[in-house]
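Residue-level structural notes
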Amino acid sequence: MGRLRVAVVGAGAAGLCAARHILSRPDTFAPPVVYELTEHVGGTWYYEERVGSYDNGLPIHSSMYKNLRTNLPKEVMMFPDFPFDPQLPSFLSHQEVQRYLESYSHSYSVTPHIKFNSVVEEVSPVTVETEEKVTMRTWRVTLCDKAGSRTTETFDSVFICTGHYTVPHIPTIPGIKHFKGKVLHSHSYRSPEPFSGQAVVVLGAGASGVDISLELAAANAKVTLSHRKPSLPPLLSLGVRQTPPLVGVQNDGSLLFRDGSTTQAQVLLLCTGYNFSYPFLDPVKLGLEVSEHLVTPLFRYLMPPAFPSLFILGICKIICPFPHFHCQVQFALGVLDGSVELPSRVEREREVQREMETKVAGGVARCHLMKMDRDQWDYYQSLALSGRFPPLPAVTRSLYEEVWRQRQVHPLHYRERNYRLVSDTQWELKERHTGE
C-alpha cells in the first residue's frame, strides 16, 4: 500500500498546522496538497482593508480589523513546538501574528505545497472496491483555479481548515426596516475613525463587541453596548453605555431595548458572531446537520462518525486556537495511520449523542453546544492520550485562566502586562520597563 494522500482545504493557522505535521511523517503520508482561496497564507489573520468581495466575486474571508490585538498572550497562543519571538510583547498586533504564520509555513516547508487562488467547489466521498474485494473510501475534490479551469483530484483523506469567522450571523430584528441609519456587521468593520461623533449601538458583548466599543468610544463616538450578559462595570468609566438586549426598531426608527428604554442611533453595529458554512460539502451525504451555530454529529469534535477520514478542524469556540489545532491534527493523523484505534461507528455516534445530551441537561443552549471554554483542557488531554503525543504543558491552562481574570477586571489595560514562561508548570509577570 502506498503513502496516504491528504488534501488540506485552507492555508490559515489550522491548515498550516495540518500540512506541517503531515510533512513530518513522510513514511506514511505523501506531501499534502493545500488548497487556498486567496494568494496568501494566514486565513483570518491576513488583514484586508477592503470589505465586500474579491475580484472573483467571492466574499472577503478575513474579519480582521485594523487595530486588533490578540486577547491571548503569545505564550498561550503559540503552537507548542514553534514559539513566537521572545522579544515581542505578550499581546500582539494582527500583523505580528500574520508574520508568525508566514514564518511557520516557511520553517516547515509548507509553502511549496500550497495551491493558491484555488476555490474548492466540492468535497465528496467515493466508495471503491479493490482487486482483493476490499471496500475503500476515497475523496473527490473539485476545484476551480484563477483562470476558471476546473479539475478533480482524489485523496485518501481531507482536512477542512476553512475556519468559521467569515459568514456573518445576522439576527432577526423586528422592525429593522424602520431603522434610518447604517447597519453593518463587525465582519465589515475596519477602523473607528469614520464613526467619530456618531451615535453607535453595538449589539453583542463578545470579545469583538467589547473591543470595538472601546475603540469607538476612544475615537469620540457615542457608544451604547447592548447585550444580555451581566453589566460590565469597567466599561461605564470608559465612555460606553450599556443596555439590555435590543428587542426591535420602532416606527420612528428608534431602537427599543428589553427594559423599555429607547435610543436613536446613526449606526447599528452587529457583533453577533458567525455562522458555520461549508458550501463544498453535502451534509446529508455525510450524515451531518449543519446549522448556523452547530455542526453535528462530530466524533471528538472532528469527524462525522460514518466518515473517519474527513476532519473538520477548529470548529469549537472559546478555545486556545493554535494549541487546539496542534492536538486535533496529531490525533487525526493517528486515526489515519492506525495508531489510534477508533470505536465502532455505532459507538462513535452514541458517544457524540451522550455528550450533547449531557450538555443540554446541564443547561447549555443548543446554539452554544460548540463552545468548549473550561472543557477544552480535558479534551486536549484525551486527544493526547489517545494519539500518544505529548499533552499541552500545564502552564498553558494556568496562564490562560490568569489572563481571563485580568480581562474581566481590566478590559482596557490587561494587554499592557507581559509574561514569561519559566517552565512547563510556571509562568511569571515580566517587570515593566520605563515608558510602558
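Residues numbered from 1 in each chain as written. Predicted model: local features only at pLDDT ≥ 70, side-chain atom pairs only at ≥ 80, totals over all residues. Heavy atoms only, no water.

**Re unusual backbone geometry**
We count it as follows: Helix and strand definitions follow DSSP, with helices as H or I runs of at least four residues and strands as E runs of at least two, each counted in order from the N terminus. The rule is simple: take the accessible area with a 1.4 Å probe, protein chains only, and divide by the maximum for that residue type; under 20% is buried, over 50% is exposed, in between is partly exposed.
Residue P297 follows T296 across a cis peptide bond; omega there is -5°. Within the secondary structure layout, P297 lies in the loop between β19 (295-296) and β20 (310-312). In this structure, R300 is a non-glycine residue whose phi angle is positive, near 55°. Positionally, R300 belongs in the loop between β19 and β20. The phi dihedral of Y301 is positive, around 55°, even though this residue is not glycine. Residue position: Y301 is located in the loop between β19 and β20. We classify Y301 as buried; its relative accessible area is 5%.

**Section: the packing of aromatic side chains**
This is how the line gets drawn: Centre distance within 6.5 Å is the pairing criterion for rings of Phe, Tyr and Trp, where only the six-membered ring of Trp is used; planes under 30 degrees apart are then read as stacked, over 60 as edge-to-face, and the remainder as tilted.
According to the stated counting rule, one finds 24 aromatic pairs in the structure shown. An angle of 85° between the planes, with centres 5.3 Å apart, marks the rings of F82 and Y104 as edge-to-face. With a gap of 22 residues between them, F82 in the loop between α2 (74-77) and α3 (94-107) and Y104 in helix α3 connect regions that are remote in the sequence. Across the pair, exposure class does not vary: F82 and Y104 are buried alike. Here the aromatic rings of W377 and Y380 are separated by 5.8 Å at their centres, their planes lie at 85°, and the arrangement is edge-to-face. Of this pair, W377 and Y380 both sit in helix α9 (residues 376-387), three residues apart, which is roughly one turn of that helix.

**As for the sheet that holds strand β14 (residues 255-257)**
Quick note on the threshold: Only when DSSP finds a minimum of two bridges between them are two strands counted as paired.
Pairing in this open sheet of three strands is antiparallel, and the strands run β13-β14-β15 from one edge to the other. Across the chains shown, the open sheet's two edge strands, defined by having one partner strand only, are β13 (246-249) and β15 (262-263). Of the pairings in the sheet, the one linking β14 to β15 comprises two bridges and is antiparallel in character. Bridge assignment links L256 to a residue of β15, and that residue is T262.

Worth remembering: the numbers are spatial, not functional.
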